[in-house]
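Architecture and fold: a report
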Amino acid sequence: MLSSMRKSAGSWMIKILLGMIVLAFVFMGAGSYWAGRRNTVANVNGEPISVNEYQQTYKRMMQNLEQRFGNQLDQDMIDMLNLREQALDRLIEKRLLMQMAEENDIRLPDDVLARSITSLPVFQNNGQFDPELYKRVLNQNRLSPGGFESLQKEAMLTGMIKNFVSNAVPVSEAEARTWYEWQNTQVKIDYAEFASQDFTDVAVTEEAVAEYFEDHKEKYKTRPKVKARYIRFSPEDYRGAVNVSESAIRDYYQSHQSEFAPEETVTARHILLKLPQDADEKIVQETRKKALEISEKARSGRDFAELAREFSEGPSASEGGYLGTLKKDDTVAPFAEKAFSMAAGEISKPVRTRFGFHIIKVEERRQASAKPLEEVKGTIRDKLALQKARDNAYDEALSVYDISFGGDDLVKNAKDMGLDLETTGFFTRSRGPEDMGNAGKFAKTAFALPLEEISEVTEIDDAFFLIQPVEKQESHVPELAAVTEKVRRDLKREKQEQAAQQAARDFLAQARETGDFTAASQDAGVKIQTTDFFKRGQPVPDIGQSRDLASAAFSLSADSPLPDAPVAKEGTFYVIHLQGKKQPGATEFQAKKEETISQLASRKRQQTVNKWVAALRQQSDIEISDRFSDYSR
C-alpha cells in the first residue's frame, strides 16, 4: 500500500502545508532517511548519529521556534534554550527508544502506518487521500516518501513505547486533592514598592564610569555581523510565461466543489436550560423532564419566542431565543448536528450540550449550492496560474541549488542563467539586512550557515531565496569612548537599584522589629497597597507576572507573615506582608475531582517517561564526539 501511495506524484506544494507534522516528527529525531555521512556527533550503544542528521534536526527545531516567536527570536533566546544540546538529546532519546523497540520485537504493521499517513489532512483533498498532493508536499520539504514513512514509523513506535511505560501510573484521590489544594490556594498580600527610578540622588563620576567599563567589558561586546549574497526567485517574475488550459480549470472546478459553494446555514431560535457537565444524575433527569415539557408546549402550538423569554436561561432569552443565521461551525457539535438535520419550522426534542439542554426551532434553512463554472473561471485561472508560477519559481531555485556547492558557484550560475545576484551590507542576527521584508528570517538563515555555504531553497515573503554568507565581522569589545554614554546610563541604573534595594531592606527590618506592617509604613512614610486574592501561576494583581514574588507570597503564613528579603522585579523592590490566605474546600475538590485526577495523571506520566529515559541513558554506552562543538556552530 505504501508503494502505491507514491506512484502518481507531481510537482511542488507550498512548504508551510507540511508545517507542524514534519516538525513533530523531527523533534523526535529526523534521522535514518537522510544520507549518512562518515562524521558522527555521537554513538549510542555503537549506533552512530551522523553530523547531517544532527544538523537537519537542529534546523527543523530552529524553524519551529521561528514560527512560534517570529522576530522576537534572537541569539540570546537560542542560547537560553540550549537548542544545540536539545537537538542532540532528542536524537539520543530516539535512538534509545528505537533500540528498545528492536530488542523487544515491537513492530508497526505497514497497514497501520499507511492508515496513519493517509488520514493526515495535509495529504487530503475533499477528505480523501491524494497521492499527487502527498508527493508534492514531501518534495517541497526535501523528503522522499520512503524517508517520510520511516520518520512517521519511528514517531509512532517511540510513542507506543512511551505509552507502555507511562500508562500504569496510578493517582490516588488523596494525592489529587493535595495537588488540587496546592494549585488553588489563594493569597492576598499587602506590599510596599521601592522603584529604582525614584532614587535620583546618585553620583556618577568619570572614574567610576571607567572602572565600571573595565569590570563589565563583555556586556558591551558588539554583535557578530554577516554580509550575504542571494538570488530571489519571485513567482510574479514567472507568471507571464504560465498558460492555464480550459481543461485544467474544469478539472479544478470539479474536484473543489466545496470551494465554490456558500456554506449551508440555518436561522434558528433556542431555549436553553443550563446544566453543569458534571451534574448529579438526579439533577440531569429533572432538567431533562422540564425541557421535555417545554418542548411539548412549543410543539403543540405555543409561541416559541414567548416560551424562550419565559424559560430560557441563555443570553438570547430576551430576544425570544433568536440566534440569527448559523453555519455548522458556529456552534457546538451536538447543537449543529441536530439543527442541520431539521426542516424549516421544525422544533426539536431536548438536545444536550456542555451548556445544558436546548430546545431548537429552525426558522429557515439555506442549502449549499455551487456557483456556475463561468462565474468562477477567472478566479480559478488566477489561482492555478499563481500556483504554477510558484512551482516554476521554486523549481528554478532548486535547479540552481542543485548545481551550486559553495564558493563562487552562485555567482557563476546566476550569470550563466541570467539571474540577478544581489549582495547585502553587513547585518546582525536580530536586525537583518535593510530593505528586506522579513529581514529576521533572512538573517537567521544566513547566520545558521558557514561562510560560503549556500542555503537550501528558503521561502521569505512569498518568494524563494538562495542565500550565501560571504563575509563575517566577529564580535569585539569597543573602546570606552564609543560607548561612554551607555556605560554611564548603566552605572547610574545600577546605583539607583542599589539605593532602592537598601531602602527596601531597611523598611523590612523596621517592619520585622515593630511587628506591625502598617505602623512601620506610617513611621517610614511608605505607601502600602493591597492586592486581590490570586493563585499560584497567576499574575500578582496590579503588579504583574513574577515567579519570585508569587513564590515569596505563598511561602508566608500567619506565624511568619513577612519574607526573608525584599523581592526584585524589573528594577523595583517589593516588601510584602501576608494579608490573607484561602484554601479550597472539599466540595470544590469533589466538583473537579475527575478533571484533577486526569491532569495529575498526565503530569505524572510525563515525569515517569522522563525518569525512565534518564535511567535508560545511564545504563547505555553513549559517546559524544569531541568535535560536537564544531558541528554545532
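Rules and cut-offs
Residues numbered from 1 in each chain as written. Predicted model: local features only at pLDDT ≥ 70, side-chain atom pairs only at ≥ 80, totals over all residues. Heavy atoms only, no water. pLDDT = per-residue confidence, 0-100. Contact = heavy atoms within 4.5 Å. Pairing = 2+ DSSP bridges. Helix = DSSP H or I, 4+ residues; strand = E, 2+ residues; numbered from the N terminus. Phe/Tyr/Trp six-rings, centres within 6.5 Å; stacked < 30°, edge-to-face > 60°. Buried < 20%, exposed > 50% of the residue type's maximum accessible area, 1.4 Å probe, protein only. Core = buried A, V, L, I, M, F, W, Y, C linked by side-chain atoms within 4.5 Å. Axes fitted to C-alpha atoms, helices over the stretch in contact; angles between N-to-C directions. Parallel < 35°, antiparallel > 145°, perpendicular 65-115°, else oblique. Left-handed = near helix turned anticlockwise from the far one by under 90°. Nonpolar A, V, L, I, M, F, W, Y, C, P; charged D, E, K, R; others polar. Bend = angle between axes of the 7 residues up to and from the residue. Salt bridge = Lys/Arg side-chain N within 4 Å of Asp/Glu carboxyl O.

Some words on the confidence of the model for the protein
Summary statistics for the protein give a mean pLDDT of 87 and a share of 92% for residues scoring 70 or more. Note on residues 1-38: pLDDT under 50 across the span, and 107 contacts to partners over four residues away in sequence or across chains.

A short note on the pairing of strand β2 (residues 47-50)
Pairing of strand β1 (residues 40-44) with β2, which is carried by four bridges, proceeds in the antiparallel orientation. Paired with Thr40 across the strands is Ser50, a residue of β2. Linking β1 back to β2 in an antiparallel pair, the connection comprises two residues, with Asn45 at a positive phi of about 50 degrees.

So, the packing of aromatic side chains
Considering all chains together, one arrives at 17 aromatic pairs under this definition. Ring geometry for Phe427 versus Phe447: centroids 6.1 Å apart, planes at 75 degrees, classification edge-to-face. Of this pair, Phe427 sits in the loop between β11 (421-423) and α18 (439-447) while Phe447 sits in helix α18, and the two are 20 residues apart along the sequence. For the residue pair Phe427 and Phe447, the accessibility class agrees, reading buried in each case. Taking the centre distance of 6.1 Å and the plane angle of 85 degrees together, the rings of Phe442 and Phe465 count as edge-to-face. Here the residue Phe442 occupies a position in helix α18, and Phe465 occupies one in strand β13 (residues 463-473), the gap between them amounting to 23 residues. The exposure classification of Phe442 matches that of Phe465, with both residues buried.

Quick look at helix α21 (residues 547-554)
Those residues of α21 not exposed but buried are Leu549, Ala550, Ala552, Ala553 and Phe554. Looking at the buried positions of α21, the neighbouring elements they touch are β5 (186-195), β15 (534-535), β16 (567-569) and β17 (572-582).

A word on the nonpolar core
In terms of nonpolar packing, the biggest core is built from 26 residues, with Ile231, Phe233, Ile380, Val400, Val457, Phe464 and Leu466 touching the most fellow members. Elements supplying a minimum of two residues to this core: β6 (225-233), α12 (246-255), α16 (373-402), α17 (409-416) and β13. Residue contributions to this core peak at ten residues, all from α16. Sequence-distant contacts of Ile380, defined by excluding residues within four places in its chain, comprise Ile249, Tyr252, Tyr253, Phe260 and Leu373. Core analysis: the next-biggest nonpolar cluster, separate from the first, contains 20 residues, Ala42, Leu88, Ile92 and Leu616 among them.

So, the packing of helix α3 (residues 51-69) against helix α5 (residues 83-103)
Contact geometry of α3 with α5 gives a least axis separation of 9 Å together with a crossing angle of 120 degrees. For the element pair α3 / α5, the angle class is oblique. Along this stretch, α3 crosses α5, giving a crossing that reads as right-handed. For the pair α3 and α5, contact is made by Glu53, Tyr54, Thr57, Tyr58, Met61, Met62 and Leu65 and by Leu83, Arg84, Gln86, Ala87, Leu88, Arg90, Leu91, Lys94 and Arg95, respectively. Residues that form the contact of α3 with α5 fall into these classes: nine nonpolar, two polar and five charged.

Focus on helix α22 (residues 586-619)
Along α22, the largest kink reaches about 65 degrees and is centred on Lys592. Along α22, the residues classified as buried are Phe589, Lys593, Thr596, Leu600, Ala601, Lys604, Val609, Val613 and Leu616. Where α22 is buried, its residues contact α5, α8 (145-166) and α9 (173-184).

With respect to the sheet that holds strand β18 (residues 622-624)
A sheet is described by the order of its strands in space; here three strands give the open sequence β2-β1-β18, paired in antiparallel fashion. Each edge of the sheet is formed by a strand with only one pairing partner; in this case those strands are β2 and β18. The average undirected angle you get between the axes of adjacent strands in this sheet is 20 degrees. As judged from the three bridges shared by β1 and β18, these two strands associate in the antiparallel manner. Note that in β18 the partner of Ala42 across the bridge is Ile624.

Section: the pattern of salt bridges
Tallied over the full model, the rule gives 36 salt bridges. Close ionic contact of Asp105 with Arg107 constitutes a salt bridge, the shortest N to O distance being 2.7 Å. Through salt bridges with shared partners, one network takes in Glu47, Glu53, Lys94, Arg95 and Glu154.

Digging into the sheet that holds strand β12 (residues 458-460)
For sheets, the rule is that strands pair by backbone hydrogen bonds, running either parallel or antiparallel. The strand order across the open sheet built from four strands is β11-β6-β13-β12, with neighbouring strands paired in antiparallel fashion. Every other strand in the sheet has two partners, leaving β11 and β12 as the edge strands with one partner each. On average, adjacent strands in this sheet sit at an angle of 40 degrees to one another, irrespective of strand direction. Bridge count for β6 against β13 is nine bridges, and the pairing is antiparallel. When the bridges of β13 are listed, Phe233 appears paired with Phe464. Contacts between α17 and the sheet are confined to β6, β11 and β13, with β6 contributing the most and set at about 25 degrees to the helix.

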